[in-house]
Amino acid sequence: MLAIQFDRFGGPEVLRPTQLATPVPGPGEVLITVEAAGVNFADTHQVDGSYLTADALPYVPGSEVVGRTPDGRRVLARVSRGYAEQVVAKESAVLDMPEGLGAAEALALLVQGLTAWHLLRTSARLRTGETVVVHSAAGGVGSLAVQLAKEFGAGRVLAQVSSPAKERLVLDLGADAVISYPLQEKADVVLDAAGGELFDQALASLASFGRLVTYGNASRTGFTPVDPARLGRLNASVVGFWLRPTLAVHGAVSGPVKELFALAAAGRLRPVAGGSYPLAEAGRAHEDLLARRTTGKVILVP
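Quantities reported herein were computed from a predicted structural model and do not represent experimental measurements.

Turning next to the sheet that holds strand β9 (residues 156-159). A sheet is described by the order of its strands in space; here six strands give the open sequence β10-β9-β8-β11-β12-β13, paired in parallel fashion. Both edges of this open sheet fall to β10 (177-178) and β13 (237-240), since each of them pairs with a single strand only. Of the strand pairs in this sheet, strand β8 (residues 131-134) and strand β11 (residues 187-192) are connected by three bridges, and their pairing is parallel. Within the sheet, the bridge partner assigned to Val 134 lies in β11 and is Leu 191. Against the sheet, helix α3 (residues 140-151) makes contact with β8, β9 and β11, and its axis sits at roughly 170 degrees relative to β8, the strand it touches most. Together, β11, β12 (206-214) and β13 form the strand contacts of helix α5 (residues 196-204), whose direction differs from that of β12 by roughly 155 degrees.

Let's shift gears to the pattern of salt bridges. By the definition in use, this model includes 14 salt bridges. We note a salt bridge from Arg 73 to Asp 96, for which the minimum N-O separation is 3.0 Å. Residue Arg 73 is found in the loop between β4 (64-68) and β5 (74-78), and its partner Asp 96 is found in strand β7 (residues 94-96); the two are separated by 23 residues along the sequence. A salt bridge links Arg 284 to Glu 281; the shortest N-O distance between them is 2.5 Å. The exposure class of Glu 281 is partly exposed, given its relative accessible area of 32%. Here the salt bridges share partners, and the residues they tie into one network are Arg 127, Glu 130 and Arg 211.

With that settled, the discussion passes to the nonpolar core. Counting 53 residues, the largest nonpolar core has Leu 76, Leu 120, Val 132, Val 134, Leu 148 and Leu 191 as the members making the most contacts within it. Elements with a minimum of two residues in this core: α2 (103-123), β8, α3, β9, α4 (164-172), β11 and α8 (254-265). A total of 13 residues in this core trace back to one element, the largest contributor, which is α2. If we ignore the near neighbours within four places in the chain, the residues touching Val 134 are Gly 142, Ala 145, Val 146, Val 157, Leu 158, Ala 159, Gln 160 and Leu 191.

The rules behind the values
Residues numbered from 1 in each chain as written. Predicted model: local features only at pLDDT ≥ 70, side-chain atom pairs only at ≥ 80, totals over all residues. Heavy atoms only, no water. Pairing = 2+ DSSP bridges. Helix = DSSP H or I, 4+ residues; strand = E, 2+ residues; numbered from the N terminus. Contact = heavy atoms within 4.5 Å. Axes fitted to C-alpha atoms, helices over the stretch in contact; angles between N-to-C directions. Salt bridge = Lys/Arg side-chain N within 4 Å of Asp/Glu carboxyl O. Buried < 20%, exposed > 50% of the residue type's maximum accessible area, 1.4 Å probe, protein only. Core = buried A, V, L, I, M, F, W, Y, C linked by side-chain atoms within 4.5 Å.

Structural data, given as structure tokens:
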């Protein structure tokens with residue numbers, strides 16, 4: 001079968017199409033023929049070595065797929081080594097999905113949907129009427145976070161984006177305004193996956209009892225050390241979030257995913273389908289993602 005593998009750390013150029021043996025499911029596992037594999041920003045960290053050590057190489061990235069089981073079920077699944085024509089998944093990580101739901105939309109609701117849900121519900125503990133700022137608001141997580149913040153009762157949702165086209169998208173998704181720093185108003189919650197200068201600007205913009213939730217470092221620059229005394233003076237907090245350990249927490253997946261699917265089915269949540277790339281062009285997908293040329297959910301199609 002065709003798979004995308006890398007045997008050294010680096011940028012998108014290290015991703016190579018290769019032929020591998022079809023995986024064999026073990027007890028409690030199922031083989032899935034892949035319809036589409038999701039691309040997440042975390043995958044770029046696997047490729048550059050931020051998430052993996054050298055003894056894991058060679059490696060096939062990818063953590064989510066839509067596909068079919070041997071008995072014909074169309075499923076959405078959390079996996080490892082997902083950039084491939086066929087994958088194995090634990091039965092406990094497989095969800096049946098409607099035939100009419102697009103692969104990109106379904107994949108958007110898994111890793112990125114869960115991330116957006118937990119950022120707002122679990123980490124920020126959003127309260128009704130609060131002002132929320134979403135960085136990278138046109139991306140996979142951000143585009144869902146803008147909508148979910150409104151759904152969960154935010155008074156105002158402010159979006160940070162990098163281009164006029166993305167401005168139009170986030171306003172269409174329900175953002176009240178597009179912002180740049182310094183803010184004209186204080187924020188109760190800021191969701192930041194960029195790090196670097198945006199993190200520093202966001203921290204200075206928090207209202208009393210505000211929460212800055214950090215869940216990535218897309219800028220790939222060092223964070224300014226956070227002084228607890230400064231947090232005291234700001235009367236604010238910095239909260240870290242990472243989805244990977246969250247997936248192991250009881251009730252952290254099935255309940256939120258069911259809510260996300262129900263909101264999408266009711267038309268109250270619109271997953272944004274982004275670029276679709278042939279599986280063999282995974283490197284180009286990563287290039288576009290890193291260059292911020294994408295919006296919404298990016299997928300690879302075998």
